[in-house]
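# An overview of the molecular structure
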Amino acid sequence: MVTQAEIDAQVAFEREAISHGLKKLHKNTADLENKSYASASVYGATSIATLLPILVQYIEDTKHDRLTRGRGHQFQLIKTYVTQLETIASASIALKVTFDKVFSYKDKADQAVNVTDAIGRAIEDECQMRHYEAKAPGLLEVLKKNYWHKSIGTQQKLTVIRTLMNRYDIEKWQPWGRDNRVKLGGWLLNCICETSGWFETLVMRERNKRVDYIVPTAKFMDLKDTLMHDAELFSPLAWPMLIPPNDWSNEQAGGYVLNEVMRGHDLVRRGQGGCIQGEKPLEFLNRIQKVSYCLNPFIVGVAEKLDELERPVGKFLPIVHYPLPPKPVDIEENKEARKSYRRQAAEVRNLQAQEFRKSCRTRMTMEAVKRFKDREKFYIPWSFDYRGRAYPIPAFLTPQDTDFGKSLLRSYEQSYMTPEAEDWLAFQVATTYGLDKAPMQERLQWVKDNITFIKRVATDPIGFLSEWEQADEPWQFLAACEEYYHCVVVCDRSHTGLFVATDATCSGLQILAGLARDRSTAQLVNVLPGSKPQDAYKVVAEQAKPYSPASIRPHMDRKVVKRVVMTVPYNAKPYSNRGYIKDALKEKGIEIDKDDLTKTVNAVRDAMDVVVPGPMAVMSWIEDEVSKAIDRGETKLTWVTPSGFVVNQRLMKKQTVQVELQLMGRCKLTVATEDSNKVDKQHHKNATAPNLIHSLDASLLHLSALRFSAPIALIHDSVLCRATDMSMLSSIVRETYMHLFAEHDYLRDFAQQIGAETEPPIIGDLEPESVIESTYFFC
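Just so we're clear, the structure is a prediction, and the values are computed from it rather than from any experiment.

### Some points on the environment of Ser104
Examined against the element boundaries, Ser104 turns out to sit in the loop between helix H4 (87-102) and helix H5 (112-135). Ser104 sits in the buried class, given a relative accessible area of 10%. Expressed as a C-alpha distance, the spacing of Ser104 and Ala38, which sit 66 residues apart in the sequence, is 7.1 Å. Residues in contact with Ser104, not counting those within four places in the same chain, are Glu33, Ser36 and Ala109. A polar atom in the side chain of Ser104 sits 3.0 Å from the backbone nitrogen of Lys106.

Laid out in structure tokens, this is it:
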């Protein structure tokens, strides 16, 4: 029973998270302004997104008149380039630069002449990149690939490209000159002021001289205050809790103690307000919130040591510091020495900036570790996505974290070791090392054959770092070795709290096989029992091989087709299939041309029609029926899963424009020009099969968890529990799958719920009861 003192401590803890989040929000905003990046702040990004479509239209209406009034040869050059630049590109650049300059802390950054020059320069820089793209597209792509990731900021990127282009004797760019840049920038700034009323000119006298500054108007400052106030409502950091989270209900917000007041987190993310969920999903969510966790002191100690050593391992990426090169003694007089030093120093600063970016998640995880490592136990609040999948609300120290993040967690409630638990700990050791596709006995034998290796890792992880960092999941492997060593090898522990994980085999195909009652597919994805794990990827590869181009056949194996087979049940289209196959072949050192790639993709997809006919027919039927439903006038699709979770799929069109900006990392800006009340039919067709699968695998776990009385954690289609409980949990998951598909004809239920006009394609030769005997259904 939670005491009032514990509740008070949690409330204080949540208020600390609120305060910490507010400080972080305002510090990040100030840091961005200090670095002249106010456009990336909360108020900057929101304001730009709001104004952009209006500004685009205004520029379109005035551009012709403004450009025809320009005079002189140089202005004609500018006109040539600016008219080739999309209006949305000009508007995006002008808005970004205006916010960066006006709200910058740098002296004189907001002077009118500097703001307008900066806008004109940014437009010129983008046009210069377009010039290089037109003159030497292949060379530009190579230079960007080899040098851009080493550069800090857009200006350095442009400098690098310009220097290298000059070396290759590409037609030089003719600079516009400051006068022309200021004129062009002034016009765009005027467009911003006219459309928004957010900025105005402030005239000041400095040393008997008039100086114009661009400053925000009272109207914008009111808007900024509103935006920051709204951001503050969502700024509290989401940490694990010190007491069990409040229960969720259809009437009352659960999770954090203060969530009922603040409503910072919803029961269903991106869900339809007012949707009433069934009792079982709510009971499931409240059950998994009662699981208590603690940090693994062994993993914490290793992480702290490696952090101190600045030694990355897997997803653990601490900041690695690079010292600046020593300055030459003659740097003041020797121009070449000065130039060389600056180049070397720039390279070091680039490396340091990359390290800082890469280490972000690790730094935040270690900050959370410091906060919780002295806590006896903690709890995780969860919520649903709109398909019924459960997600932790905190971003760190959860079962759905990275390999490193997962390794930090143990069950606070430990259980007494049993002989069966020894096998499951061995299973976790072998699986995390990389034997996840091997038969069970082969995994257990590998552990027996590698006891000396496991002892070295468990007793001296720093000394034998080079050995365990090679594992597929090095941090979870490290945690498993340490637990196995103490619980099984030296037996100085009689209780275990390590989480052991088992995953579904091709979850999408397992669900679709059950829906279609397709025995051949069920056999391939371990729904039916077998002496060793089945390999659907290998079967598809063998089926596709004779129909693939001759040059590809020797290389056609499970690795080439794996991602295609995994994603087709989630409606992946041939275009994305092309990328997966091309990347897989590239890893083998094989380049493939477009025609052969098309033939290979077709061969793999045709092979899936043969190998997994039921799932392919079900997906095609769903697309057809969804199309008919939208044509009948449906604005959303609703279905109820076997656990009672209500899925509302409402996908509306947005009218958008896309632009690619070279110097903004060739990012695609998708801007909603206006809202639309039109149903997005294509999106519904693409999304329904994946969302149905996700809702059913979520339902499978809802019902399984409710029958399981020990600590449990979830990662979508994976379950985690203590080694002593895994046999029971595995049996429950198999039995629940059997009940879902043997006692219910859910595909027909779904057809009725969406108003299908034709019968679903059910093969009918599968007896789901057989899954009870399948060792590798979840493994």
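### Considerations on the packing of aromatic side chains
With the rule as written, the count across this model stands at 30 aromatic pairs. For the ring pair Tyr43 and Phe103, a centre distance of 5.3 Å and an interplane angle of 70 degrees mean the geometry is edge-to-face. Taken together, the residues Tyr43 in helix H2 (residues 42-68) and Phe103 in the loop between H4 and H5 connect sequence positions 60 residues apart. When sorted by exposure, Tyr43 lands in the same class as Phe103, which is buried. On the numbers, 4.8 Å between centres and 70 degrees between planes, the contact of Phe316 with Phe404 is edge-to-face. With a gap of 88 residues between them, Phe316 in the loop between helix H12 (297-309) and helix H13 (335-358) and Phe404 in helix H15 (residues 403-407) connect regions that are remote in the sequence. Phe404 sits in the buried class, given a relative accessible area of 2%. Aromatic ring contacts, followed pair by pair, group Phe13, Trp239, Tyr293, Phe372, Phe378 and Phe499 into a single cluster. When the ring centre of Tyr43 is taken as reference, the NZ or CZ atom of Lys224 above it lies at 4.5 Å. One cation-aromatic arrangement involves Arg387 over Tyr386; the distance from NZ or CZ to the ring centre is 5.6 Å.

### Some remarks on the sheet that holds strand S3 (residues 268-269)
Read across the sheet, three strands follow the order S3-S6-S7 without closing on themselves; strand pairing throughout is mixed. Each of the sheet's edge strands pairs with one partner strand only, and the pair in question is S3 and strand S7 (390-392).

### Some words on the environment of Ile54
Within the secondary structure layout, Ile54 lies in helix H2. Each C-alpha atom, one on Ile54 and one on Ile192, is 9.4 Å from the other, the two residues being 138 residues apart in sequence.

### Re the pairing of strand S17 (residues 718-722)
Burial runs high along S17: five of the five residues are buried. Relative to S17, strand S11 (residues 499-503) is paired through five bridges, and the arrangement is antiparallel. What sits directly across from Thr502, in S17, is Val719. Bridge analysis of strand S16 (residues 713-715) against S17 gives three bridges, and the strand direction is antiparallel. Considered in S17, the bridge of Ala713 is made with Leu720.

### Notes on the nonpolar core
Counting residues in each nonpolar core, the largest one holds 161 residues, and the members touching the most others are Trp468 and Trp475. When sequence neighbours within four positions are dropped, the list of residues in contact with Trp468 reads Val302, Leu306, Val313, Val457, Pro461, Pro474, Trp475, Phe477 and Leu478. If you look at the next biggest cluster of nonpolar residues, it comprises 50 residues, including Ile93, Ala118, Ile123 and Phe199.

### Focus: the pattern of salt bridges
Scanning the entire structure with this criterion turns up 35 salt bridges. Linking Glu283 and Arg287 is a salt bridge whose minimum nitrogen-to-oxygen distance equals 3.8 Å. In this pair, Glu283 and Arg287 both sit in helix H11 (residues 279-288), four residues apart, roughly one turn of the helix. The partly exposed category is assigned to Arg287, whose relative accessible area is 31%. Within this structure, Asp117, Glu124, Arg178 and Arg181 form a network of salt bridges that share partners.

Calculation rules
- Residues numbered from 1 in each chain as written.
- Predicted model: local features only at pLDDT ≥ 70, side-chain atom pairs only at ≥ 80, totals over all residues.
- Heavy atoms only, no water.
- Helix = DSSP H or I, 4+ residues; strand = E, 2+ residues; numbered from the N terminus.
- Buried < 20%, exposed > 50% of the residue type's maximum accessible area, 1.4 Å probe, protein only.
- Contact = heavy atoms within 4.5 Å.
- Polar contact = N/O pair within 3.5 Å; in protein donor to acceptor, adjacent residues only side chain to side chain.
- Phe/Tyr/Trp six-rings, centres within 6.5 Å; stacked < 30°, edge-to-face > 60°.
- Lys NZ or Arg CZ within 6 Å of the ring centre and 35° of its normal.
- Pairing = 2+ DSSP bridges.
- Core = buried A, V, L, I, M, F, W, Y, C linked by side-chain atoms within 4.5 Å.
- Salt bridge = Lys/Arg side-chain N within 4 Å of Asp/Glu carboxyl O.

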